[in-house]
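# A structural walkthrough
Here's the letter readout for the chains.
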Amino acid sequence: MRVLIAHSFYRVPGGEDRYVRQQFELLSGHHDVEMVERHNDALEPELSTAVRMAFSPAAIQEIEDQIDAFRPDVIHLHNPYPSLGPAVHVAAARRGVPLVQTVHNLRLRCPNGLMFTEGRSCRRCERGNYANAAVHRCFPSRRQAGAYAGALWLHRFLLKLERNVAAFVAPSVFMAARLREWGFPEARISTIRNFVPSVAAAPSNVGDFGVYVGRLSGEKGLPVLLEALALAGDPPFRIIGDGPLLEDLKTAGARLGLRRTEFVGRVEAPDAHRAVAGCRFLVMPSLCEENAPLAALEALAAGRPVLVSGRGGLPELVESGGGLVFDPGDASSLSENIQALVLDRNLCQRLGDRAWGFAAAELGRDRHLERLLELYGALRWESHSGGSG
């Protein structure tokens, strides 16, 4: 199998970028794989970036040349924005190569990809009124909001790029349901969970501190987490990551008297993995609809309980008993769960064992590879037999 992976790497690296690298390595161990790789931190000034994101004949030609040289059986696209824009969709259609797109976020219907703005969930743009992105300050600047809003409208309603995608991969049951709600045909939706490079041989001993790993931004619910920690009696806790709220969160932590909450900052992936593997539990307090955050998957794979807000794709991760669900934005509800895990080591161990069992069954490399190849093979057969996809 010859697979061409395409991805625009983010200015601030995160779990999606890491997953794409891991998927490339996984497939490369068994098949011929190349990557169309663009980096958003290398982009030109805003106007030229906006034009490239909307439609760039030169960018399309670059992808067509790579397709002609490599001759892939399938193309697998992750994040197209802004560096790639519609180039992969258009080039794949022109060359008749089946295109798979993993839906990592909500950008198919939301310019900022979060369906969260002004401190709350938002679904204003779903039907295509993307001007809301500028009106409701969904981006740091109105110019950036206008660029994304215009590009998404063009891609959805004029270029109709979604028709060029043979299969959409949903990493969660939640995302698959949202795609169906948006009218995508069931036959073009495949639920394939993201994977972790390794699942622990067995759950290790329970640690002594809780941990959060991720971006420090408004949609992540971190002020709620700090309030919950204060209500829980200031248990040992580490906040790993960076973002625009870092200083505000430090100030809030001091005001709440959190002497045992440590702001670690951004660390390399291996260091974050070690912290998760050694923790007592991981908290995902998101106010937005998360899809399948890698930090939560890695905690499950290490046999660590995960405390998740009841929103998006988070609750399904602990349905088998590998954690606890609290009400989104409710510090008291989260505090009760934190206290339960701080005070009851046996409960931590039981939940951790179930978390590990779920990861071993659902998040392993072999299962992910098997599901991907099954999808790729079906699309290649359809393409060669003249099917519509």
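Residues numbered from 1 in each chain as written. Predicted model: local features only at pLDDT ≥ 70, side-chain atom pairs only at ≥ 80, totals over all residues. Heavy atoms only, no water.

### Quick notes on the pattern of salt bridges
As enumerated under the stated definition, the model contains 20 salt bridges in all. A salt bridge links Glu-316 to Arg-193; the shortest N-O distance between them is 3.0 Å. Note that Glu-316 is positioned in the loop between strand 13 (306-309) and strand 14 (323-326) and Arg-193 in the loop between strand 8 (189-191) and strand 9 (210-213), a separation of 123 residues in sequence. Residue Glu-316 shares its accessibility class with Arg-193, and that shared class is buried. The residue Glu-247 makes a salt bridge to Lys-250 at a minimum N-O spacing of 4.0 Å. Linking Glu-247 with Lys-250, this pair stays in helix 9 (residues 246-255), spanning 3 residues, or about one helical turn. Residue Glu-247 is classed as exposed on the basis of its relative accessible area of 51%. Residue Lys-250 is classed as partly exposed on the basis of its relative accessible area, which comes to 36%. (Salt bridge = Lys/Arg side-chain N within 4 Å of Asp/Glu carboxyl O. Helix = DSSP H or I, 4+ residues; strand = E, 2+ residues; numbered from the N terminus. Buried < 20%, exposed > 50% of the residue type's maximum accessible area, 1.4 Å probe, protein only.)

### Structural notes on the sheet that holds strand 13
As summarised here, the arrangement of the 6 strands in space is 11-10-9-12-13-14, forming an open sheet in which the pairing is parallel. The sheet terminates laterally at strand 11 (261-265) and strand 14, the two strands that pair on one side only. On average, each strand axis in the sheet is inclined to that of its neighbour by 20°, with strand direction left out of account. The pairing of strand 9 with strand 10 (residues 237-240) spans 4 bridges and is classified as parallel. (Pairing = 2+ DSSP bridges. Axes fitted to C-alpha atoms, helices over the stretch in contact; angles between N-to-C directions.)

By themselves these figures say nothing about function.
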